[in-house]
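Take a look at the letters that make up each chain.
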Amino acid sequence: MKKRMVTIVLLSLVMVLSVYANGAEDSSAADGKAVLKMWSKGSGTDPAMEAVVEAFRAANPDTELTYESYGENYANVVNLALASGDAPDIFENGGNFPVQTLAAQGLIAPIDDVFTEELKSQMFQPLFTQKDNVYNGQRYTIPTRISAFRLLYNKDLFKAAGLNPDQPPKTLAEVREYAAKITAAGKGDFYGFGLYLGSSNIWTRVIDPICTAAGTSADMGYDFNTGKFDFTANMEVLSELAEIAKDGSLFPGYETLAVDPMRANFAQGKVGMYFDGNWTSGTFATQIKTDIDWATAAVPVSTGDTYGLGACFPAVDFAVSASSKYQDQAKSFLRFLLSNAAVMQQEKPEPKTFLPANEASSLPIEAMNLKGTEYNFKLDDLAPMPQIVYYSLSLEGDKRDIVFTDIFLKLVNGGKVDTAKTIQTLNDRYNSALDKALADGLLSESDIHIADFDFSNR
């Protein structure tokens, strides 16, 4: 048995090394050209990014740029490349690697010089107050999209349940009420609400947007006022969501459902409401075709909470390798990418950090049957947290989302849950990891502890 296990491990390592070797050859000049490699974590190359790459090649004949994606092996491939000093010139970080850690180890280059004053003035300004891509006062990655979560809802199913399709729920109590009515109208053909517990970050997509909008905590239960983690408000929201499941209003199979099947069932008219990203206008127009009449709205908050500003976060961020021989050319591409976000938008409409691409009036709404544009491309009700603190933590034990999924299922199925003990244990583990990150210099006390931080006016 041990021999078989060793063989499997060795074969897996060979596969990873093979993938790495195919993409990690030395950059070298060919016919006087600078040869750049760019890697992304997608399962396939993005047509929108391909359009920008092709435009860059045409505008810069002295630079050869290759664009590759690695899917599930991405993190392993990049880690091997970084460790060997032969990383691609440009690579997507995408939350796989804490920027502060890479910067502290000298593996990525600062990129502040990418932003000309003109370019910076045309971008989503709150982006420049956010610290996730900053280390020792310098910026190290460039995001291409402002992401946020919204409530997606099916107007057709609202009508079928006798609900006003232009009045989406504003509280979780209303979500529960609406979900029950939609489920009753569906008689087994469609259901009121959708959760996809098969996604490892389900509660980051559902609980965190609710809590940040209400100002009860930031992502993963962090409180900027105290400078500590506290999962009390998280647990209260989890309990409210469990009541929807107890009502029988959740789309069946939620225990193992992943986000893509959730989207597919929503597109087929089987789900009345669910939480998803603001990039779904493009997703449902270009990848998952649907004929339903759907819209988006602000995420609801708990009854009694006042809605402040929703949280958004920079996404699909790219770094420049410190070992690159062509850092200037790599930065030129990143500048070109930000300046030509409209090119990407024609291939796959998504909210971008570049402001012209966030103007719904510039979108091919009718031609592509775009839905949800009112909120999916709306930015004035969003603002980034100063920092997503948990990104920089090395946590011992299971993450909050894994723990909460286990608790959720117990609550729904009548199991016993020691809520106070669970919250205290999570608080202790996360705050211990926070103390270590501060001690190691990966986080700055001045950035993560902001006295009287006002969620409603950030």
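1. As for the overall build of the chain
Counting its secondary structure elements, the chain contains 18 helices and 13 strands. Taking 458 residues into account, the globule formula puts the C-alpha radius of gyration at 23 Å, and the chain, at 23 Å, falls close to it. Dimensions along the principal axes, computed over C-alpha positions, put the chain at roughly 70 × 55 × 50 Å. Classification of the 458 residues of the chain by burial places 53% in the buried group. Summarising the internal contacts of the chain: among those between residues at least 6 apart in sequence, 77% fall at separations of at least 24. In the form shown here, the chain has an accessible surface area of approximately 19,700 Å², with 50% of it arising from carbon and sulfur atoms. If the 39 positive side-chain charges of the chain are averaged to one point and the 58 negative ones to another, these points end up 5 Å apart.

2. Focus on the nonpolar core
In this structure, Phe193, Trp203 and Phe408 are the most contacted members of the largest nonpolar core, which totals 84 residues. Setting aside anything within four residues of it in sequence, one finds Phe193 in contact with Leu151, Val175, Ala179, Leu241, Ile244, Ser249, Leu250, Phe251, Val271, Met273, Tyr274 and Phe275.

3. Focus on the packing of aromatic side chains
Scanning the entire structure with this criterion turns up 25 aromatic pairs. When the ring of Phe158 is compared with that of Tyr178, the centres are 5.8 Å apart and the planes differ by 85°; the resulting orientation is edge-to-face. In this pair, Phe158 sits in helix α6 (residues 155-160) while Tyr178 sits in helix α7 (residues 172-186), placing the two residues 20 residues apart along the sequence. One exposure class covers both Phe158 and Tyr178, and it is buried. Centroid distance Tyr254 to Phe408: 6.3 Å. Interplanar angle 85°. Geometry classified as edge-to-face. Residue Tyr254 is found in the loop between α9 (232-246) and α10 (259-267), and its partner Phe408 is found in helix α16 (residues 400-412); the two are separated by 154 residues along the sequence. Relative accessible area serves as the criterion here: at 10%, Tyr254 is assigned to the buried category. Given a relative accessible area of 0%, Phe408 falls into the buried group. An aromatic cluster is built from Tyr222, Phe224, Phe229, Phe231, Phe404 and Tyr430, whose rings are joined through pairwise contacts. The cationic tip of Lys120 hangs over the ring face of Phe128; the distance from NZ or CZ to the ring centre is 4.8 Å.

4. Description of the packing of helix α8 (residues 202-214) against α9
Relative to each other, α8 and α9 sit at 115°, their axes nearing to 10 Å. In terms of orientation, α8 and α9 fall into the roughly perpendicular class. Regarding α8 and α9, the two cross each other, and that crossing is right-handed. Here α8 contributes Trp203, Val206, Ile207, Asp208, Ile210 and Cys211 to the contact with α9, which in turn contributes Ala233, Asn234, Val237, Leu238 and Leu241. Considering only residue class, the contact of α8 with α9 consists of nine nonpolar, one polar and one charged.

5. Digging into the confidence of the model for the chain
On average, the chain scores 87 in pLDDT, and the residues at 70 or more come to 91%. The low-confidence segment residues 1-28, where pLDDT is below 50, has 32 contacts with residues more than four positions distant or belonging to other chains.

6. Observations concerning the pairing of strand β2 (residues 63-69)
Taken together, the seven bridges between strand β1 (residues 34-40) and β2 define a ladder with parallel strand orientation. The residue of β2 that forms the bridge with Ser40 is Ser69. What joins β1 to β2 is helix α2 (residues 47-59), and the crossover it makes is right-handed.

7. As for the pattern of salt bridges
Opposite charge on two side chains permits pairing when their charged atoms draw close. Summed over all chains, the structure comprises 19 salt bridges. We note a salt bridge from Glu350 to Arg145, for which the minimum N-O separation is 3.3 Å. Pair noted here: Glu350 is in the loop between α13 (341-347) and α14 (365-368) and Arg145 is in strand β6 (residues 141-154), with a separation of 205 residues, a long-range link. Among the residues examined, Glu350 registers a relative accessible area of 8% and is labelled buried. Note that Asp293 and Lys371 form a salt bridge whose closest N and O atoms lie 3.6 Å from each other. Of the two residues, Asp293 is situated in the loop between α11 (280-286) and β11 (294-297) and Lys371 in the loop between α14 and α15 (373-376); the sequence distance between them amounts to 78 residues. Classification of Asp293 as partly exposed rests on a relative accessible area of 26%.

8. Things to note about helix α3 (residues 74-84)
Among the residues making up α3, those that are buried are Tyr74, Val77, Val78, Ala81 and Leu82. Down the axis of α3, the smallest arc covering the buried residues is 130°, so these residues share one side. In the segment just after α3, Gly85 is the residue with positive phi, at about 75°.

9. Topic: unusual backbone geometry
Positioned with a positive phi, Met220 is a non-glycine residue whose angle comes to about 55°. Position of Met220 relative to the elements: it lies in the loop between α8 and β8 (222-223). A relative accessible area of 4% places Met220 in the buried class. Located in the positive-phi region is Val316, a residue other than glycine, with phi close to 50°. Mapped onto the elements, Val316 comes out in strand β12 (residues 310-320). Judged by its relative accessible area of 23%, Val316 is partly exposed.

10. Focus: the pairing of β12
β12 sits mainly inside the fold: 10 of its 11 residues count as buried. Where strand β3 (residues 90-92) lies against β12, three bridges are found, and the strand directions are antiparallel. Bridged to Phe91 within β12 is Ala319. In terms of strand pairing, β6 meets β12 through seven bridges, oriented antiparallel. Residue pairing for β12: Thr141 is matched across the bridge by Ala319. Bridge count for β12 against strand β13 (residues 382-384) is three bridges, and the pairing is parallel. By the bridge assignment, Ala311 is partnered in β13 with Ala383.

Rules used in this analysis
Residues numbered from 1 in each chain as written. Predicted model: local features only at pLDDT ≥ 70, side-chain atom pairs only at ≥ 80, totals over all residues. Heavy atoms only, no water. Helix = DSSP H or I, 4+ residues; strand = E, 2+ residues; numbered from the N terminus. Rg over C-alpha atoms; globule rule 2.2 N^0.38 Å. Buried < 20%, exposed > 50% of the residue type's maximum accessible area, 1.4 Å probe, protein only. Contact = heavy atoms within 4.5 Å. Areas by Shrake-Rupley, 256 points an atom, 1.4 Å probe, with all protein chains shown as cover. Lys, Arg positive; Asp, Glu negative; His and termini not counted. Charge placed at Lys NZ, Arg CZ, Asp CG, Glu CD. Core = buried A, V, L, I, M, F, W, Y, C linked by side-chain atoms within 4.5 Å. Phe/Tyr/Trp six-rings, centres within 6.5 Å; stacked < 30°, edge-to-face > 60°. Lys NZ or Arg CZ within 6 Å of the ring centre and 35° of its normal. Axes fitted to C-alpha atoms, helices over the stretch in contact; angles between N-to-C directions. Parallel < 35°, antiparallel > 145°, perpendicular 65-115°, else oblique. Left-handed = near helix turned anticlockwise from the far one by under 90°. Nonpolar A, V, L, I, M, F, W, Y, C, P; charged D, E, K, R; others polar. pLDDT = per-residue confidence, 0-100. Pairing = 2+ DSSP bridges. Right-handed = clockwise from strand over helix to strand, strands pointing away. Salt bridge = Lys/Arg side-chain N within 4 Å of Asp/Glu carboxyl O. Arc of directions from axis to C-beta.

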